[in-house]
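Below, each chain spelled out in residue letters.
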Amino acid sequence: MQIKPSVKSVLKNLGIAGVTAFVVAIGFFAGLYVNAEKVSVTFAGGNQADVSAIDMSLFYKAMQVLDDKFVSSATSTATTTDQDKLYGAIKGLAESYGDPYTTFLTPKEAKSLTGDLSGSLDGIGAVLGIKDTFLTVISTIKSSPAEKVGLVAADKIMKVDGKSTVGMDIDTAVGLIRGKKGTTVNLEISRQGVASGFNVSIVRDTITAPIVETERHPNSVFVIKVSSFTSNLPDLFRDALREYVNSGYSHLVIDLRNNTGGYLDAAVDMASWFLPTGDTVVTENFGGKAEANIYRSKGYDLFPKNSKIVILVNEYSASASEIFAGALHDRGVAKLVGKQTYGKGSVQELVPLTEDTILKITIARWLTPNGTSISHSGITPDYAVDLSLDDVKAGKDPQMDKAISVAQGL
């Protein structure tokens, strides 16, 4: 059987752990491929997995028992279609691999993903991720609906419109929270230090967020904050570097906190301003199933050699952020300040199963130039500094203060 894919190959050389954007899930684009070839499906022999020995009667028996006996405990009269059952079975199959980034996307979820990648930005203005099994707010976008209702980093979202998020995968959560501008979503929030949960209603809006921001601090410290590794980041970052060079400053802080990733090409391009031609930026390791891919610096070699560089990271710096920070750190170009990074060092491939469904599969992992796997443990900073909720409320930023201090001392 031949199945025609619907997702175009323009997504190749991306990497994602969830859906990006401004609802949204942790958007780790550095490591996602789209298989734009037709997909052959066989059930035995060849190079495909041999499932002929699997006794499928258990599955059909379970389905028959459910059809015969199930009565909904809810007041809803909605029914489960045969198509819903099939999608649920495939989701369960993907989940059985025990990898949070390997999942099946239904037509609605697949459309949401491709909408994110094409720049659809309606949402609540929060970056979300799964932290310690809970759906968690990583950051909010300035002046977004999420910020206006008071959501803050580390808030746990326990329910969405009355539906529990416990055990929910990130793609499903994103599908529930995002929606058209002007519509409302109700969230139940659990916050550290607050005795009981509370509810917030958020009216969705079209979100815009700066990708690159610059700031000049006293004592010749220039700060470039990068919020996401988007396709247009190379041009934006080049402009920020030009501003830095023209400032006459000699100390640079690159702030990647809460930056959950983006395009791999953008990370390689950004690193190319700091590393010589041919230096390894990151290696894509396929666990022995294929030859490794090595991504190397383009060696723009135009960066001031006397610059003292510090990179700010935290527990929500992920994927492309970790690739960039790991490359400069391994090469001795920059010191790292902040918290241990997220540890999203795996590569996903999008395989279209039908014209409107996608299987997202982890196929490889990222290694820093020194061979360190980014997955799970992340990147360890040279100077560990906390940023508490009390600090944020008081307008303090001890992590930035330390980064500036380290830069001045280099």
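What you see is a predicted model, and the numbers here were worked out from it, not measured in a lab.

Looking at this structure, I do not really get the overall build of the chain. What am I missing?
Broken down by element type, the chain carries 10 helices and 22 strands. Evaluated residue by residue, the chain yields a buried proportion of 46% over its 410 residues. Of the contacts made within the chain by residues no fewer than 6 positions apart, 67% connect residues no fewer than 24 positions apart. For the chain, the exposed surface amounts to about 20,100 Å²; the carbon and sulfur share of it is 52%.

Is there a simple way to explain the pairing of strand S8 (residues 156-160) in this structure?
Put simply, side chains in a regular strand alternate between the two faces of the sheet. As defined by bridge partners, S8 adjoins strand S10 (residues 184-190) across 4 bridges and the pair is classed as antiparallel. When the bridges of S10 are listed, Lys159 appears paired with Glu188. Note that S8 and strand S9 (residues 163-164) share 2 bridges and pair antiparallel. Along S9, the bridge assignment pairs Val160 with Lys163. Hairpin connection, S8 to S9: the antiparallel pair is bridged by 2 residues, and Asp161 has positive phi, about 50 degrees.

For this particular structure, what's the right way to read the sheet that holds strand S13 (residues 212-217)?
Strands in a sheet are paired, the pairing made by backbone hydrogen bonds, and the direction either parallel or antiparallel. Strand order in the open sheet formed by 6 strands is S13-S14-S15-S18-S19-S22, and the pairing between neighbours is mixed. The two strands at the open ends of the sheet, each matched to only one other strand, are S13 and strand S22 (383-384). Sheet analysis places strand S18 (residues 308-313) next to strand S19 (residues 334-338), joined by 5 bridges and oriented parallel. Each residue of the ladder has a partner; that of Val310, found in S19, is Lys335.

Hey, could you run me through helix H8 (residues 320-330) in this one?
Structurally, the α-helix is built with 3.6 residues per turn, so residues lying three or four positions apart point the same way. With respect to burial, H8 is a largely interior element, 9 of its 11 residues being buried. Looking only at H8, the buried set comprises Ala320, Ser321, Glu322, Ile323, Phe324, Ala325, Gly326, Ala327 and Leu328. Taken from the residues just after H8, Gly332 is the one with a positive phi, measuring 75 degrees.

Explain the nonpolar core here, please?
It is characteristic of soluble globular proteins that their nonpolar side chains tend to be buried jointly. One finds Phe237, Ile254, Phe274, Ile311 and Phe324 to be the most contacted residues of the largest nonpolar core, which totals 43 residues. Grouped together as the second largest cluster of nonpolar side chains are 19 residues, Leu151, Met168, Val174 and Ile177 included.

Help me understand the packing of helix H7 (residues 264-271) against H8, please; the structure alone is not making it clear to me.
The angle between the axes and the distance between the axes are what describe a pair of packed helices. Running from N to C, H7 and H8 cross one another at 25 degrees; their axes reach a closest spacing of 9 Å. Taken as axis vectors, H7 and H8 run roughly parallel relative to one another. Of the two possible hands of crossing, H7 and H8 adopt the one that is right-handed. Along the contact surface, H7 presents Leu264, Ala267, Met270 and Ala271, while H8 presents Ala320, Ile323, Phe324 and Leu328. Looking at the contact of H7 with H8 residue by residue, the class counts come to 8 nonpolar, no polar and no charged.

How should unusual backbone geometry be read in this particular structure?
The backbone phi angle of Thr133 is positive, close to 75 degrees, even though this residue is not glycine. Mapped onto the elements, Thr133 comes out in the loop between strand S6 (126-131) and strand S7 (134-140). Of note, the phi angle at Asn219 is positive, near 60 degrees, even though the residue is not glycine. Mapped onto the elements of the fold, Asn219 is located in the loop between S13 and strand S14 (221-226). The class of Asn219 is exposed, set by a relative accessible area of 56%.

What is the right way to read the packing of aromatic side chains from this model?
The final tally for this structure, using the stated rule, is 8 aromatic pairs. Among the aromatic residues, those joined into a ring-pair cluster are Phe222, Tyr244 and Tyr249. Between the NZ or CZ atom of Lys344 and the centre of the ring of Tyr101, over which it lies, the distance is 4.8 Å.

Help me understand the packing of helix H6 (residues 233-247) against H7 in this model?
In contact at an axis separation of 9 Å, H6 and H7 are set at 25 degrees when each is read in the N-to-C sense. Regarding the angle of H6 to H7, the classification is roughly parallel. Here the hand of the crossing between H6 and H7 comes out right-handed. Packed against H6, whose contacting residues are Leu233, Pro234 and Phe237, the element H7 presents Ala266, Asp269 and Met270 at the interface. Here the contact of H6 with H7 is built from residues that sort into 5 nonpolar, no polar and 1 charged.

Even after reading the chapter, I still don't get the pattern of salt bridges, so can you show me in this structure?
For side chains bearing opposite charge, pairing can occur when the charged atoms are close. Going through the model one piece at a time under the given rule, you end up with 14 salt bridges. Lys85 serves as the salt-bridge partner of Asp67, at 2.6 Å between the closest nitrogen and oxygen. Residue Asp67 is located in helix H1 (residues 57-69), and its partner Lys85 is located in helix H2 (residues 82-95); the two are separated by 18 residues in the primary sequence. Looking at Asp67, the relative accessible area reads 42%, which means it is partly exposed. Between Lys225 and Asp255 there is a salt bridge whose closest N-O contact spans 3.9 Å. Pair noted here: Lys225 is in strand S14 and Asp255 is in strand S15 (residues 251-255), with a separation of 30 residues, a long-range link. Since its relative accessible area comes to 27%, Lys225 is described here as partly exposed. Taken together, the shared-partner salt bridges connect Lys225, Asp255, Arg257 and Asp397 into one network.

What counts as what
Each chain carries its own residue numbering, running from 1 in the written order of its sequence. Only residues with pLDDT of at least 70 are given local features in this predicted model, and only at 80 or more are side-chain atom pairs given and counted; all residues enter the totals for whole chains, interfaces and linings. Hydrogens and water molecules were not included; the side-chain quantities draw on all heavy atoms of the structure. Strands here mean DSSP runs of E at least two residues long; helices mean DSSP runs of H or I at least four residues long; both are numbered from the N terminus. For each residue, the accessible area found with a 1.4 Å probe, counting protein chains only, is set against the maximum for its type, and the residue is called buried under 20%, exposed over 50%, and partly exposed in between. Whether two residues are in contact is decided by their heavy atoms, any of which lying within 4.5 Å being enough. Residue-level accessible areas treat just the shown protein chains as cover; the underlying method is Shrake-Rupley with a 1.4 Å probe. When DSSP locates at least two bridges between a pair of strands, those strands are taken to pair. The criterion is simple. A nonpolar core is a set of buried Ala, Val, Leu, Ile, Met, Phe, Trp, Tyr and Cys residues joined through side-chain atoms within 4.5 Å. Between N-to-C directions, angles span 0 to 180 degrees; the directions come from axes that are lines fitted to C-alpha atoms, helices contributing only their stretch in contact. Angle categories: roughly parallel below 35 degrees, roughly antiparallel above 145, roughly perpendicular from 65 to 115, and oblique for all the rest. In this scheme, a crossing is called left-handed if the near helix is turned counterclockwise away from the far one by less than a right angle; it is called right-handed if the turn is clockwise. In this classification, Asp, Glu, Lys and Arg are treated as charged, Ala, Val, Leu, Ile, Met, Phe, Trp, Tyr, Cys and Pro as nonpolar, and every other residue, Gly included, as polar. For Phe, Tyr and Trp, where Trp contributes only its six-membered ring, two rings pair if their centres lie within 6.5 Å, and the inter-plane angle classes them as stacked under 30 degrees, edge-to-face over 60, or tilted in between. Sitting over a ring, as applied to charges here, requires NZ of Lys or CZ of Arg to be within 6 Å of the ring centre and within 35 degrees of the ring normal. One speaks of a salt bridge when a side-chain nitrogen belonging to Lys or Arg is within 4 Å of a carboxyl oxygen belonging to Asp or Glu.

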